[in-house]
Amino acid sequence: MISLVPAASTPVVGTPTLWFLTIGAVLALFVVDFLVTRRPHEVSMREAVGWSAFYVAIPVAFGVWLWNAHGSQTGVEYYTGYLVEKSLSVDNLFVFMLLLTAFAVPKKYQQRVLLIGVAGALVLRGIFIALGAQLISSFSWAFLLFGAILLVTAVKVLRDALSHSNQAVDISSLRTVKLVRRFWPVTEEYRGTRMSVKENGRRILTPMALVVIAILGTDIVFAIDSVPAVYGITEDPYLVFATNAFALLGLRALYFVLQGALGSLVHLGHGLAAILAFIGVKLVLHWAHDVWAWVPTVPTLASLGVIVAILATAVTTSLIASRRQAQRDRSERGEDRTPVA
């Protein structure tokens, strides 16, 4: 049986009652989201901003309760973990945007695809959280393993960020799409939110099924990255789950808020690579400290400061770079030239 309690020396706040209430609240919010997306429609900016504010207010308020009920250390760990997961979720959104564009998903159906993607991500992360808790409680080298995963991921993210290749997705090259099309025929057009239809007595998949399968495939990759990242902040499985759940719940609405701005965050990959590398080093130091007591560790409050600084730098430099690129584009088109009298 998998235990959700880490090493005995680490205090946890996740009582059975709190686990039950939190999972119940997450399921209730998913039901609300499903009802909202049941009628396909294009999402207005006002609607997206309203839901995004709602899904930010919930984790912020919950963090205040945690801080008051369980102390500042728990509060700092929770807010730091939430910030890390929210940052990684923006990277999720960028991949979702590429897939929705590649599959030409009609705008009125995008909410449903995003909701399924978020649900799949949460289920997968729940599995990885349980496995991670078991590893931490049973094997001292789990922190070294998690640290290595994050360092390798950081290198890959940085390499992708430094690459100037086209970020478009060739859906025909996706392994999941190739595998599905080998066994089932696919309709040329979307049939509402349905994933399959019956034609001439034969069950046929729709493009909606393909995009959902592709997004669920990316969910696995992001779960492998995000769970070790937040375990680098806190060893409490409950806090790991809560930060993941709250970061994911607002993704559907946040997508439509940031859809236009995601392309401007040109240095987001650099920032995420730095964050993953930092947490990877932090995990390796944590493991080394258990082996050699003289090895220093990184306090959670210091981690919060470093992560905030990295994110602020990435956003600021992205905005500056995007503005300069826009000025260069206007100059090349001759729009900035002063007309001659």
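Refer to the structure presented above.
Analysis parameters
- Residues numbered from 1 in each chain as written.
- Predicted model: local features only at pLDDT ≥ 70, side-chain atom pairs only at ≥ 80, totals over all residues.
- Heavy atoms only, no water.
- Pairing = 2+ DSSP bridges.
- Helix = DSSP H or I, 4+ residues; strand = E, 2+ residues; numbered from the N terminus.
- Core = buried A, V, L, I, M, F, W, Y, C linked by side-chain atoms within 4.5 Å.
- Buried < 20%, exposed > 50% of the residue type's maximum accessible area, 1.4 Å probe, protein only.
- Axes fitted to C-alpha atoms, helices over the stretch in contact; angles between N-to-C directions.
- Parallel < 35°, antiparallel > 145°, perpendicular 65-115°, else oblique.
- Left-handed = near helix turned anticlockwise from the far one by under 90°.
- Contact = heavy atoms within 4.5 Å.
- Phe/Tyr/Trp six-rings, centres within 6.5 Å; stacked < 30°, edge-to-face > 60°.
- Lys NZ or Arg CZ within 6 Å of the ring centre and 35° of its normal.

Draft legend 1. Region of the structure containing the pairing of strand β2 (residues 202-205). Where strand β1 (residues 196-199) lies against β2, four bridges are found, and the strand directions are antiparallel. Across the sheet, residue S196 finds its bridge partner in β2, namely L205.

Draft legend 2. Spatial organisation of the nonpolar core. Among the nonpolar cores identified, the biggest contains 83 residues, and F103, V105, V211, Y231, Y238 and I279 are the most heavily contacted of them. For this core, the element with the most residues is helix α7 (residues 207-231), which contributes eleven residues.

Draft legend 3. Layout of the packing of helix α3 (residues 72-102) against helix α11 (residues 300-332). One way to put it is that α3 packs onto α11 with a least axis distance of 9 Å and a crossing angle of 30°. In terms of their interaxial angle, α3 and α11 are classed as roughly parallel. Seen along the crossing, α3 lies across α11 with a hand that is left-handed. Contacts between α3 and α11 involve Q73, V76, E77, T80, L83, V84 and S87 from the former and T300, L301, S303, L304, I307, V308 and L311 from the latter.

Draft legend 4. Focus on the packing of aromatic side chains. Under the criterion given, the structure shown has 15 aromatic pairs. Relative to Y55, the ring of F54 has its centre 5.1 Å away and its plane inclined at 70°; by these criteria the two rings are edge-to-face. F54 gets classed as partly exposed once you look at its relative accessible area, which sits at 36%. Take Y55: its relative accessible area is 2%, and that puts it in the buried class. Chaining the aromatic ring pairs together yields one cluster made of W19, F62, W65, W67, Y78, Y79, Y82, Y238, F241 and F246. Its guanidinium or amino end placed over the ring of W51, R252 lies 5.7 Å from that ring's centre, counting from NZ or CZ.

No statement about biological role is implied by the geometric values presented.
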